[in-house]
Amino acid sequence: MYHSGLSESNSQSWLLISCCIFPHQAELQEVVGEGQAEDVATISSMSAAVKQEVEVSSAAPGTLQHTLEERVAMYKTALQNAKSTGETSKARRFDRGLKTLETMLAAVKKGRPVNEAEIPPPVATGTSASRPPVPATTPPPAIPEIVASVMSHEPTASETTKSMLLERQKEYKMAALRAKKQGDVEQAKLYFKTSKRFDAVIEALEKGQAVDLSGLPPSPEQGEESSPSAAPSVPAAPKDVLEALEQRRAKYVEASAQAKASGDDRKARMHDRIAKQYQSAIRAHKAGKAVDFDELPVPPGFPPIPGQKAAGAEQGFVAALEAANKLATADAEGPDEEEDEEKEDEVCSSVFLEPPAVQQLEFLEGRKKQYMKAALQAKQKNDMEQAKGFLRTAKGFDPMIEAARSGKSVDISTVPSPPGDEDDDFILVHHSDVQISEKAEQIYIQLAKILKEQYEKCMTHSKQFTHLGNVSETTKFEKMAESCKKSLEVLKLAQSRGLPPPKHHFEERSFHTVRIFPELSSTDMVVVIVKGMNLPPPSGIQPNDLDAYVKFDFPYPSNEQPQKHKTAVIKNTNSPEYNQSFTLAINRNHRGFRRVVTSKGLKLELLHKGGFLRSDKPIGTAHVKLDKLESQSEIREIVEVMDGRKHTGGRVEVKVRLREPLSGQDTQTSSERWLVIDSSQVPPLMFL
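Residues numbered from 1 in each chain as written. Predicted model: local features only at pLDDT ≥ 70, side-chain atom pairs only at ≥ 80, totals over all residues. Heavy atoms only, no water.

Peer 1: It is not clear to me how the overall build of the chain should be interpreted in this structure. Could you clarify?
Peer 2: Helices and strands together make up the secondary structure of the chain, namely 20 helices and 10 strands. For the chain, with 688 residues in total, the buried portion stands at 43%. Taking contacts inside the chain between residues at least 6 apart in sequence as the whole, the part at least 24 apart equals 72%. In the structure as shown, the chain presents an accessible area of about 36,100 Å², 50% of it carried by carbon and sulfur atoms. (Helix = DSSP H or I, 4+ residues; strand = E, 2+ residues; numbered from the N terminus. Buried < 20%, exposed > 50% of the residue type's maximum accessible area, 1.4 Å probe, protein only. Contact = heavy atoms within 4.5 Å. Areas by Shrake-Rupley, 256 points an atom, 1.4 Å probe, with all protein chains shown as cover.)

Peer 1: Could you clarify how one ought to interpret the nonpolar core in this entry?
Peer 2: Across soluble globular proteins, nonpolar side chains show a tendency to be buried alongside one another. By size, the foremost hydrophobic cluster in this structure holds 34 residues, and its most contacted members are Met525, Val527, Phe554, Leu604, Leu626 and Leu629. Elements supplying a minimum of two residues to this core: strand 2 (524-533), strand 3 (548-554), strand 5 (577-585), helix 20 (591-600), strand 6 (602-608), strand 7 (617-624), strand 8 (634-643) and strand 9 (646-658). Dropping the residues within four chain positions of it, Phe554 is found in contact with Met525, Pro562, Gln563, Leu584, Phe593, Val596, Leu602 and Leu626. Counting 19 residues, the second largest nonpolar core, distinct from the first, contains Ala374, Ala378, Leu391 and Ile401. (Core = buried A, V, L, I, M, F, W, Y, C linked by side-chain atoms within 4.5 Å.)

Peer 1: What should I look at first to understand the packing of helix 18 (residues 438-468) against helix 19 (residues 471-496) in this one?
Peer 2: Packed helices, taken two at a time, are described by the angle their axes make and the gap between the axes. For the pair helix 18 and helix 19, interaxial distance at closest approach is 8 Å and the crossing angle is 160°. As far as their axial angle goes, helix 19 and helix 18 are roughly antiparallel. The interaxial crossing formed by helix 18 with helix 19 has left-handed handedness. Classifying every residue of the contact of helix 18 with helix 19 by side-chain character gives 15 nonpolar, seven polar and five charged. (Axes fitted to C-alpha atoms, helices over the stretch in contact; angles between N-to-C directions. Parallel < 35°, antiparallel > 145°, perpendicular 65-115°, else oblique. Left-handed = near helix turned anticlockwise from the far one by under 90°. Nonpolar A, V, L, I, M, F, W, Y, C, P; charged D, E, K, R; others polar.)

Peer 1: When you look at the pairing of strand 2 in this model, what are you seeing that I'm missing?
Peer 2: Among the 10 residues that make up strand 2, nine are buried, leaving the element largely enclosed by the rest of the structure. Pairing analysis gives seven bridges linking strand 2 to strand 5, with the strands arranged antiparallel. When the sheet's bridge partners are listed, Val527 is paired in strand 5 with Phe582. Where strand 2 lies against strand 9, eight bridges are found, and the strand directions are antiparallel. Within strand 9, the position partnered with Lys531 by the bridge is Glu653. (Pairing = 2+ DSSP bridges.)

Peer 1: In this structure, what is going on with the pattern of salt bridges? I would like to understand it.
Peer 2: Oppositely charged side chains can form a pair if their charged atoms are brought close together. Scanning the model with the defined rule gives 18 salt bridges in all. In this structure, Lys368 and Asp398 form a salt bridge, with 2.6 Å as the shortest nitrogen-oxygen distance. Taken together, the positions of Lys368 in helix 15 (residues 355-380) and Asp398 in helix 17 (residues 398-405) put the pair 30 residues apart, joining distant regions of the chain. Residue classification places Asp398 among the partly exposed positions, given a relative accessible area of 23%. With a shortest N-O distance of 2.7 Å, Arg636 and Glu653 are connected by a salt bridge. In this pair, Arg636 sits in strand 8 while Glu653 sits in strand 9, placing the two residues 17 residues apart along the sequence. By relative accessible area, Glu653 is classed as buried at 4%. Residues joined by salt bridges that share partners form a network here, namely Arg515, Glu634, Arg657 and Asp666. (Salt bridge = Lys/Arg side-chain N within 4 Å of Asp/Glu carboxyl O.)

Peer 1: Would you explain helix 17 in this entry?
Peer 2: An α-helix turns once every 3.6 residues. As a result, residues three or four positions apart point the same way. Along helix 17, the residues that are buried comprise Met400, Ile401 and Ala404. The buried residues of helix 17 occupy an angular sector of 100° when projected down its axis, which confines them to one face. (Arc of directions from axis to C-beta.)

Peer 1: Just checking my understanding: could you explain unusual backbone geometry for this structure?
Peer 2: Leaving glycine aside, a negative phi is the common case for residues, and trans is the common case for peptide bonds. Note that the residue after Tyr556, namely Pro557, is joined by a cis bond; omega there is 20°. Inspection of the secondary structure assignment puts Pro557 in the loop between strand 3 and strand 4 (563-566). Look at Asn572: it is not a glycine, yet its phi comes out positive at around 60°. Even without glycine at this site, Asn579 takes up a positive phi of about 50°. Of note, Asn579 is situated in strand 5.

Peer 1: Sorry, what's going on with the environment of Pro502 here?
Peer 2: Tracing the backbone through its elements, the reader meets Pro502 in the loop between helix 19 and strand 1 (504-514). Judged by relative accessible area, Pro502 falls into the buried class, the value being 8%. Once the C-alpha coordinates of Pro502 and Ser487 are considered, the two residues, 15 residues apart in sequence, prove to be 9.7 Å apart.

Peer 1: Hey, could you run me through the packing of aromatic side chains in this one?
Peer 2: Under the criterion given, the structure shown has 11 aromatic pairs. Measuring from centroid to centroid gives 5.8 Å for Phe465 and Phe477, while their planes differ by 10°, and the two rings are stacked. Note that Phe465 is positioned in helix 18 and Phe477 in helix 19, a separation of 12 residues in sequence. Each member of the pair, Phe465 as well as Phe477, is classed as buried. Ring geometry for Tyr556 versus Phe593: centroids 5.7 Å apart, planes at 70°, classification edge-to-face. Of this pair, Tyr556 sits in the loop between strand 3 and strand 4 while Phe593 sits in helix 20, placing them 37 residues apart in sequence. Its relative accessible area of 8% is what places Tyr556 among the buried residues. For Phe593, a relative accessible area of 0% puts it in the buried group. (Phe/Tyr/Trp six-rings, centres within 6.5 Å; stacked < 30°, edge-to-face > 60°.)

In structure tokens:
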């Protein structure tokens, strides 16, 4: 049922993700091009569609398009009624749901797949301010009047069952989240395991198989955000509507006070809002005005309001979904509401992740945000191709993030490095009319040079730890690199304004680093022949006439099948510089390779290139031990050139590298003087 966005074309992925970052049609059309103008028009017309009349569905009943069209009509009505009654929080929620539905509907009409599990649920449409008041004692109809006017058929039994199962599953996830926040990890695990049991039942239902709901777990008794979490103390049956409303208000006031006492401010605000809802309902009831009781959450175990018993399964279903919708969105009012909803879903899915998995998740989400930000910056600079590239990379993080949320291990070594910065050269510039002393100019140049070196060092270490899968160290060095970057910005701004260099100081910092060569694969071993020094010429050859080269046979995979290499010939010198690299194929765990490393090493032959009809003459041999590769990723040796057992006085420099040591890690500890810019001394104007 779930269709990943990664399976679509690049243009579709670009269009979908652009909707979030470039909300204006003109800007979006610049990016996607004329070929997708139809998609742009569909997206940009969503907000205007809210004001249109409810359209009659043209799709066949029971189809996905028909369901979406009905749901769109429902949300439009609910949005209009919420606006007319001044319920801004509901209006924002309905507006978000409406936009989601319209996006899905547009996709379905174009033949694109959508995830049905993400379709916003049915909602109670509320009461329009222009409708005549309904007496409080009159039971509401089985299906709300407004809903009935836009529905051409009732949900099928399977659709209703599926929605109920999804909602019950969400209740258990929310309960797990609440228990985790309250420190009851065991209870949280129990709730979460129960929520996972719903997956198999929902999958069977989607395949058209019969399901037995006799063993369906009941709603969790605590942890639901729309209800007081303490064990409910159920009051006596109320005598009338007013007493019922006052009992429920008192319960939520009590729950708010308990949440404040336990330090859960978010939960306290939520219960306080519900208490205010009841206060408004009490005032309306006393004034003889209509009260929409379906909009009021019910504390667990409380008896029904007199005269307001359930009037049919459909009404109860709609009311339950509305309450569940409130549960997911009832957080701080204002712009933070959407962010908190997303955080709840993320935290719910990672309740039981081990600390390393949580670190991975945070790292992946942070890296994705870096690419999203880079895409926006590239777009603002009209570099559309780069913006597209950054967005595609950001989209590529989604499957890794999803895997991390599911508790699966993610190979951090495959994660792209942070997006590049066009200011990586960190050139300091200032206006020509700004006068600055020559001494200050030199200080600026020196500070910028040190900061740039520190930045590059941090990024190098960050990449190395990324390839090792060490999230905490990767993040630490990335933050240090970002700090260096900000300090460089401070320098540029101060210099451009002709200000004296900002105050700075040096700190002694110790770093634990791991040397690794991430550009190499685990099956590579690189041999670098650096240079020869004072090589002994063969008999009859003058030192300045020596034409020397180096060759070697690496006895792996076997002595009979060695890997053979040789350098170029460097003429007319007995101190030739080669700086040539040779990549050998290895198997780190193969017994034969380990034997070569521990006992045989690498034997070099140095020769003088003969002329026409003259054979090459030997200069000597050199032996490089490789046993240090067990604990080091690179060894550098300057070895003697021998003539049999005789020292010749000549030497040769060789480096051998692996991606990482054969055993363990090549850890190093260094202490450095670290430049720190005192940003507190910079005038506030510099940050405008």
